[in-house]
Amino acid sequence: MKIQLSSLLLLISIYFTTAQTVTVCKAGCDYKSIQTAVDSSKSGNSILIKSGLYNEANIVIYKKSLHISGEEGTVIDTQNKGYGFSVEATDIVIKNLTIKNIKVSYTKEYAAILLFKSYDFAIENITVENAFFGFLIQKSKDGVIHNNTIAGQGKAEADSGNAIHLWHCKNVKITNNDVRRMRDGIYLEFGSNSYISNNYSNDNMRYGLHFMFSNDNIYEDNIFNANGAGVAVMFSKRIKMFRNVFKKNWGTASYGILLKEISDAELKHNIFEDNTIGINADGTNRILFTENTFSNNGYAVKVIGACYDNTYSKNNFLYNSFDLSYSGNLNSNTFENNYWSNYTGYDLDKNGFGDIPYRPVKLFSYLVNRTPESIVLLRSLFIDIIDFSEKVSPVFTPENLIDNKPLMTQVKW
Amino acid sequence: MLKILKYSFFDLMRSSWSYVYFAFYLLLGIVLLFLNNDLSKAVITLMNVIIVLVPLIGTIFGVMYYYNSKEFTELLLAQPLKRSSIFLGQYLGVAISLSMSLILGLGLPFIAYGLFKSSAIWDFSLLLIVGVFLTFIFSALAFNIALSHENKIKGFGYAILMWLFLAIIYDGLFLMSLILFEDYPLDKVSLIGTMLNPIDLSRTLILLKLDISALLGYTGAVFKQFFGTSFGLIVSFLALTIWVGLPVLRIIFKSNKKDF
């Protein structure tokens, strides 16, 4: 036992002696520039960049595992010359830095931190100001991106990049980040088994969070506010979306969530507030929407077509202009046990379910789909009358699209 | 004119109809607030009531008051008074007393509920302003109809028809023409169509505050420009003012020429 303990202590002391820390500052430290510190360090070393302004760009770390950290007030200004860090290494840590003024380019994707084929990485407490791309992570896996702030200045989609962009990555945790005024807040392209939580994505031009060909991911407890669209999930399978808030995504093509060609996903406990369209579903299969709240949206849910076997149950639909817009046939999608604030039925047997079914699709939403300008007649008495007559005898809206057991009280979770 | 206004006003204030109207709004406000517990939702329901009922009541009251006070009017006409001041005085008496019932009837429960602390105060005051505008517009229109028709039954009939047309039939025709011409760009046409009907205009004005996400999302750039800015608000109020002004001018014109 004693021998074991002492050998353990020996191992630790060996570990610490090899894990040397070098310092970088303007005067009186081991090195004056970050690049020379990196070049002269061995794998396993730590580099501490002391407080100060460093005008350096394109710092290359190649096949060396380094732990780079800064102090409060450590600023790296790339002066629009290119990348901040360009890394290809395993076991790499970069933290506590401010990186600013990333070059905008229409041909290259300049980023504050570029990781390529890097495993076991951690990027923490990085502030990126005036970013083109924030973190561009390619063909990497097993990493953590935690507690970063990334802000851009882009004015159009074409001349701005994504805050956190993952391409062909696996097993990455993206947590507690704040991304704003970029093209996409967080973008996963061919990314799988990633976990995204507690991020705040605000004022991005395109999407707050974007999945493309990315399977088996989870995102939860994020807030998406005033983006072009909150989240776009496209061509992906088995995505879990829990407890997110989507709000104020306003505009002609703005959605809380845009679902395009996705299957086997689950949406639970999300809140959709003040969006033009809460969920836009196009080509979605076997998706479970349960215990979500849709309040004050233009459309709560808009189903475009080619959607099969989706289940909408136990959701709260509160004061939306339209609860549901639907194109095509019902296609074995079900709407059951939801709470609809527009429901006018009664519950005589007191079992908690309304006795008469609810029809979520109104004739007027069908008309607005056909002639968008007719929206000016919203809430007119005439529209109420034709909606009522359509409710009594459906002609234009799908006849079997009904909630047979609408709830009488809001769902609580 | 002021004297006649005062007389008409107090005459109406004493009549039981004003109290019924006042009590109706009071009850509506109380029921909405204390059964709903949600101020914003109550404002939406109120909008539905206001854009339908206020014009109807303004119309009926205007016609009724004109015919009822006809003998008194003829008595006044024998006096050395300007005709326009007689009729304008009566018209303003009706419109102001109706507006007062509306404002007090709805305002009291809302104030009791704690309106001044709520963010819905702007929505609510817009609602009241629109309600007052509608009262003025529709009682003026009613006076016009009554002035043009000696026969009471005919006058009532036309007044109700006018309300029915503006409240319901107009929207039907509007919608039909939109669908008929859906291949053409319609945003400007639909804006103009909205301006031409005071009820539609009021509804749109209130909706801008409430359902703006739906409106903004589903319409073209013209709508966004118009509805998204204070320019739209100013133009809308201007249109409402014109809607009050034109019928009032016709009251003056018609009453000067009419042979009693």
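Further up the page is the structure itself.
Let me begin by describing the structure that accompanies this report. (Residues numbered from 1 in each chain as written. Chains lettered and ligands numbered in written order. Predicted model: local features only at pLDDT ≥ 70, side-chain atom pairs only at ≥ 80, totals over all residues.)

## Overview of the overall build of chain A
- Scanning chain A for helices and strands turns up 4 helices and 37 strands.
- Structurally, chain A occupies a C-alpha span of about 85 × 60 × 30 Å along its principal axes.
- Within the span of chain A, comprising 413 residues, buried residues form 43% of the whole.
- In chain A, the proportion of contacts linking residues at least 24 apart, taken out of those at least 6 apart, comes to 47%. (Helix = DSSP H or I, 4+ residues; strand = E, 2+ residues; numbered from the N terminus. Buried ≥ 20, exposed ≤ 12 C-beta atoms within 10 Å, placed from the backbone. Contact = placed C-beta atoms within 7 Å.)

## Examining the environment of A:Ile174
All names here are of chain A.
- Inspection of the secondary structure assignment puts Ile-174 in strand β15 (residues 170-175).
- Along the sequence, Ile-174 and Ile-164 sit 10 residues apart, while their C-alpha atoms lie 8.9 Å from each other.
- When near neighbours in sequence (up to four residues on either side) are disregarded, Ile-174 contacts Ile-145, Ile-164, Ile-186, Ser-194, Ile-196 and Asn-199.

## Structural notes on the interface of chain A and chain B
- Between chain A and chain B, the contact holds 27 residues from the first and 27 residues from the second.
- Taken together, the elements giving at least two residues each to the side of chain A that touches chain B come down to α3 (363-370) and α4 (381-392) of chain A.
- Sorting elements by how many residues they give to the side of chain A that touches chain B places α4(A) first, with 3 residues.
- Among the residues making up the side of chain A that touches chain B, the classes are represented as 12 nonpolar, 11 polar and 4 charged. (Nonpolar A, V, L, I, M, F, W, Y, C, P; charged D, E, K, R; others polar.)

## Things to note about the sheet that holds strand β14 (residues 164-167) of chain A
All names here are of chain A.
- Sheet architecture is open: 12 strands sit in the order β4-β7-β9-β11-β14-β17-β20-β23-β26-β29-β32-β35, paired in parallel fashion. Edge positions in the sheet fall to β4 (59-62) and β35 (322-326), since each has one partner strand and no second. The average angle at which neighbouring strand axes cross in this sheet is 5 degrees, direction not considered.
- Pairing geometry for strand β9 (residues 111-116) and strand β11 (residues 133-138), over 5 bridges, is parallel. What sits directly across from Leu-114, in β11, is Leu-136. (Pairing = 2+ DSSP bridges. Axes fitted to C-alpha atoms, helices over the stretch in contact; angles between N-to-C directions.)

## Re the environment of A:Val245
All names here are of chain A.
- One can find Val-245 in strand β25 (residues 245-247).
- With 17 C-beta atoms packed within 10 Å, Val-245 lands in the partly exposed category.
- Sequence separation between Val-245 and Thr-175 is 70 residues, and the spatial gap between their C-alpha atoms is 15 Å.
- Discounting residues that sit within four places of it in the chain, Val-245 has contacts with Ile-223, Phe-224 and Ile-271.

## Description of the pairing of strand β2 (residues 46-49) of chain A
Residues and elements named next belong to chain A.
- The two faces of β2 differ: Ile-47 and Ile-49 on one face are buried, but Ser-46 and Leu-48 on the other face are not.
- Between the parallel pair strand β1 (residues 21-24) and β2, the chain is carried across by helix α2 (residues 34-40), and the sense of this crossover is right-handed.
- Taken together, the 4 bridges between β2 and strand β5 (residues 67-70) define a ladder with parallel strand orientation. Bridge assignment links Ser-46 to a residue of β5, and that residue is His-67. (Right-handed = clockwise from strand over helix to strand, strands pointing away.)

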